[in-house]
Amino acid sequence: MVSPLLRLLLTLALFLRAILTAQTTASLAGLVLDPNTQAVPGAVVRLSQRVNGFERNILTDAEGRFRLANLPLQTYELSVEKEGFLIHKESVPLRDNLLREIRVRLQLAGERQSVVVSVQEISALVDPIQTGSYAQMNQAEIERLPLQAGNRGLEAVLVTFPGFAQNANGAIHPRGAHNQMTYVIDGMPVTDQLTGAFANAIDPNIVQTVELFTGNIPAEYGNKVSAVANITTKSGLGTGRSVAGSLMTSAAQFDTLSTVAQVSGERGKWGYSASVNLMKSNRYLDQVSLENLHNGGNSERGFLRVDWMASPRHTLRFSALAGRSAFQLANLRSQHAAGMAQRQLLRDYSGLIGWVHTLSPRTTLDMTASLRSSSSLLFDSAQDTPVTAWQDRRLTTGNIATRITHVSGGHQVRFGMDYQRFPVREFFRFGITSPEFNAPEGETYIPALTAYDLTRGGGLFRFAEQKTGHLASGFFQDNYRWRRFQFALGVRYDSYRFLSRGEQFQPRLGLSFHLPETGTVLRLSYNRTFQPPPNENLLLSNSQAAAVLVDPSVRTILGGALALIRPERQNFYEAGIQQSLGRRLAVNAAYYHKDGWDQQDNNNLFNTPVVFPTSLARIRVNAVEGRVILPTIRGFSATVSATHYRAVTTPPFTGGLFLGNSAVEALSQGPFLIDHDQSLAVHSVVSYAHRRGWFSTISIRYDSGLVTNPSDPQQVAADPDFADLLPYVDLLSAPPRTLPRIVTDVSGGYQHSSDGQRRQWEVAVQASNLANVTALYNFQSLFVGTRLVQPRTLGVRLRWFF
């Protein structure tokens, strides 16, 4: 329990200021001089990072000065070029949000002296600072990916990294977890489930860089931390222009059309960036049968960011995001024949205001205040079968955070506090519309549902509830460099107060050892994590009012109709290695083990689109993963990611509604492989960019297959909704799985530049699932149902720059 005094101290610290942000980017300022210490205007300053392809260019002003902001924390190569001078290169480590200031003195081209100043080998392809699995991707790489036409979010980008199992509607399972992932957008934490019918996903077009933490999660990140994507959005600062932008339009099969307009610029101390993304498609979600039935939809997303560098010591930022999507819910054949026409409407808006204050050359104060609200409306139809459902739910999350960063010697200390308040509102109604769905003479008859069987004189089940939860957190972390060792010493405390309660101290400890002679980094880490339950449909899942839906036999098996879902606790161990092979290749590999209690998962509510959270007693995950990186060499670059993991769940159910009878009984017999367990996933991306503007990318992904429901093959063969899907699933294996698949996506095009630097226009063609492979993501899963992989889809993209 948290004492009243501690709660008061948390509140006072968090509300210390009215304007707050948590900034996790770096800034670099510099002065370029000639041998006589005179300013050099118009010099080209280029900051780049070989491994992830990041690059930022700027010209020095009339006083020879430059400033680059909004930079991901990383070690960069800085080069300065000016006609008549030798090219200057040096390594610049940017590992905190303190302003780094440098002075560059150029040498005349006639002088024969070294122009390279390096604190470490610039060509190094390993990062000795990281003590856990970490990756980074920038906008240029994202733009080159052959993302599927009509893609809905950033998950399509993240799945190219190791550690993720791919599922339907863009869902990804990080490191054996269902969906416990946090997105941090410019300091605003987003823990909503952002795929499928839950909420609008993050638009990849607003991303400047994304940092992905999957091992040794820093102590400042909490809540859902199976993976953390730290997203830095595009900023107008550093563009060097008052107005710049692009207009992109694309078209593909299934009547897919999209338009993305972006504009950014800077004027004086102000910078701005904005975008609008419009999309419509007749294949909005992944289909549930070979035919694409009743599956159209459209989405609109907007983004705005404004930066104000009020003074060298004060920076203010405002960001706003909004999204809306309206779509049909895909039908099975029987549902389509009956005229079923369910629809869903998703809306969200977010806003944050931030302030970064430099207290001293070694210390900064960062603060944030953010608000996010998301809602979902499920519309029923008169012809719903075998059940009908209507829903209106809303989740609002207010977050306040403060961070202090101090650098001294080899120590980089960061500590802070967070407070979240999240009102949740849920309205729901449900009824049975088919006499065969819960027939009294059937083997799966549930007497409790008879009262809601509209074909037998029953009425609708109705649910309405709203409550507010709280999460208070504090953390301390020290990243300390000593000789060849890097220590990451962190601890976090969370106090969760909602339907259930819990608190926990969580050590986050990591160590790396660098062998620069061989280009090797060895890593070892241990994390204790505390993950509150997902809020989507949590009230319904934990309500005594919904307990009337539970069959008496299930109550007997599990000792009750429902139980409050408790926060999931995990011990997470990881050992890894980074190895550079000369200047040409880098290899990252890791082994990890997780033990978790009160494992979180999802369940479907009686064949409706409503998905609610549940929990099971325990999960154990063992995995090996690796990534091979080929940085850009003569225009070519490539990555290959591979993941093997085993996720074993131990029943019984410990939280949520215990619906169904045969399913609950089957999953209560002993340990089983969870439905997102997968033996092997391999994802390779190869890109080529010619200096004259031609480019192409090929993406090949292999998945060995997810675990499915142990359905009876004879019953499936007799079911016209699913019989023709039998060739794509192995129901006789132990456990049953979808069959392996290889999906290839390709894109290529030409980008025209006026002077070799400023882009003017671009044209590209793309093919998703080039070989037109028919495959299943999952089949009759107790947790997510049945979904198919997108068939071959051809598209074209045009883009104009201004």
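Just so you know, these numbers come straight off a predicted model, no measurement behind them. (Residues numbered from 1 in each chain as written. Predicted model: local features only at pLDDT ≥ 70, side-chain atom pairs only at ≥ 80, totals over all residues. Heavy atoms only, no water.)

**Q** Tell me about the sheet that holds strand β4 (residues 65-72), residues and numbers included.
**A** Read across the open sheet, the 3 strands follow the order β4-β1-β7; overall the sheet is mixed. Taken across any chain shown, the strands that pair with only one partner, and hence form the sheet edges, are β4 and β7 (99-105). The sheet shows a mean angle of 20° between the axes of neighbouring strands, direction not considered. Inspection of the sheet shows strand β1 (residues 25-33) paired to β4 by 6 bridges, in the antiparallel sense. Of the residues in β4, the one forming a bridge with L31 is R65. (Pairing = 2+ DSSP bridges. Helix = DSSP H or I, 4+ residues; strand = E, 2+ residues; numbered from the N terminus. Axes fitted to C-alpha atoms, helices over the stretch in contact; angles between N-to-C directions.)

**Q** Residues and numbers for the pattern of salt bridges, please.
**A** Within the structure shown, the criterion is met by 36 salt bridges. One salt bridge in this structure joins E143 and R759, with 3.7 Å as the shortest N-O distance. A residue pair is termed long-range when its members are at least 10 positions apart, and E143 in helix α2 (residues 139-144) and R759 in strand β40 (residues 759-768) qualify at 616 residues. A relative accessible area of 33% means that R759 is categorised as partly exposed. Of the charged contacts, one joins D598 and R566 as a salt bridge, the two residues approaching to 2.9 Å between their closest N and O atoms. (Salt bridge = Lys/Arg side-chain N within 4 Å of Asp/Glu carboxyl O. Buried < 20%, exposed > 50% of the residue type's maximum accessible area, 1.4 Å probe, protein only.)

**Q** Just give me the short version of the packing of aromatic side chains, but keep the residues and values in it.
**A** One pass over the structure, following the stated rule, counts 21 aromatic pairs. Positioned over the ring face of Y592 is R175, at 3.9 Å from the centre of the ring. Lying over the aromatic face of F572, K594 brings its terminal NZ or CZ to 5.2 Å of the ring centre. (Phe/Tyr/Trp six-rings, centres within 6.5 Å; stacked < 30°, edge-to-face > 60°. Lys NZ or Arg CZ within 6 Å of the ring centre and 35° of its normal.)

**Q** Give me the lowdown on the pairing of strand β15 (residues 227-233), citing residues and values where you can.
**A** Among the 7 residues that make up β15, 7 are buried, leaving the element largely enclosed by the rest of the structure. Going residue by residue along β15, you find A227, A229, I231 and T233 tucked away on one face and V228, N230 and T232 tucked away on the opposite face as well. Across 5 bridges, strand β12 (residues 181-185) lies against β15 in parallel orientation. Pairing of V184 across the sheet is with N230, part of β15. Relative to β15, strand β14 (residues 207-213) runs antiparallel, the two being bridged by 6 bridges. Each bridged residue has a counterpart across the sheet, and for F213 the counterpart in β15 is V228.

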